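Fold and contact review
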Amino acid sequence: MTGERLGYAPGVFDLFHVGHLNILRRARGHCDRLIAGVCSDDLVVRLKGRPPVVPLSERLQIVRSVRYVDETFVATVDDKIEIWKEVGFDVIFKGDDWLGTDVWTTLEAEFAKVGVEVVYFPYTVHTSSTLLRDALRLLAQQGPPGQSPPGPAPRQLAGPRPRETQG
């Protein structure tokens with residue numbers, strides 16, 4: 001369709017949360033069609049040094065089910081220009097925590113040469129996949145509800161101490 005503004009919102013989309021939803025909702029308001037670029041598991045390992053908690057197939061199902069997303073694209077490389085050559089988007093969206101970084105300042109200049117607009121949206125400060133991952137790690141260390149966390153047994157506070165006898 002001619003004149004259609006195609007948007008691209010890249011991300012890992014691990015432990016999907018309201019910050020992800022905010023980016024996708026805002027992005028959809030700035031384009032006619034929105035493609036969400038979901039990083040492959042291998043790419044996540046290369047970029048972050050650890051695999052995602054949620055595997056790619058499940059992250060794709062989650063992102064595809066968001067009503068603001070028209071299509072998904074599996075990103076296997078971090079090179080956004082290479083992805084643009086394959087996808088052909090007119091505008092790319094990112095959280096403003098990337099604004100002013102060397103990587104995105106360079107990308108802005110490269111995208112400007114080919115007519116792609118870069119739009120930043122406010123980063124959702126109170127939640128992130130990293131915060132959720134850390135919270136899950138803490139919960140796992142505590143164990144199931146009603147069970148004492150691992151460690152030394154609690155000391156008994158009530159009652160007299162037993163008297164040592166010599167014998």
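Above this text is the structure in question.
Let me begin by describing the structure that accompanies this report. (Residues numbered from 1 in each chain as written. Predicted model: local features only at pLDDT ≥ 70, side-chain atom pairs only at ≥ 80, totals over all residues. Heavy atoms only, no water.)

A positive phi angle is found at phenylalanine 13, which is not glycine, with a value near 60°. Position of phenylalanine 13 relative to the elements: it lies in the loop between strand E1 (6-11) and helix H1 (18-28). Assessed through its relative accessible area of 4%, phenylalanine 13 is described here as buried. (Helix = DSSP H or I, 4+ residues; strand = E, 2+ residues; numbered from the N terminus. Buried < 20%, exposed > 50% of the residue type's maximum accessible area, 1.4 Å probe, protein only.)

In spatial order, the strands read E3-E2-E1-E4-E5; together these five strands make up an open sheet with parallel pairing. Pairing within the sheet leaves two strands with one partner each, and these edge strands are strand E3 (71-75) and strand E5 (117-121). Direction aside, the axes of adjacent strands within the sheet are offset by 30° on average. Those strands touched by helix H5 (residues 102-113) are strand E4 (91-95) and E5, and its axis lies near 145° from that of E5. (Pairing = 2+ DSSP bridges. Axes fitted to C-alpha atoms, helices over the stretch in contact; angles between N-to-C directions. Contact = heavy atoms within 4.5 Å.)

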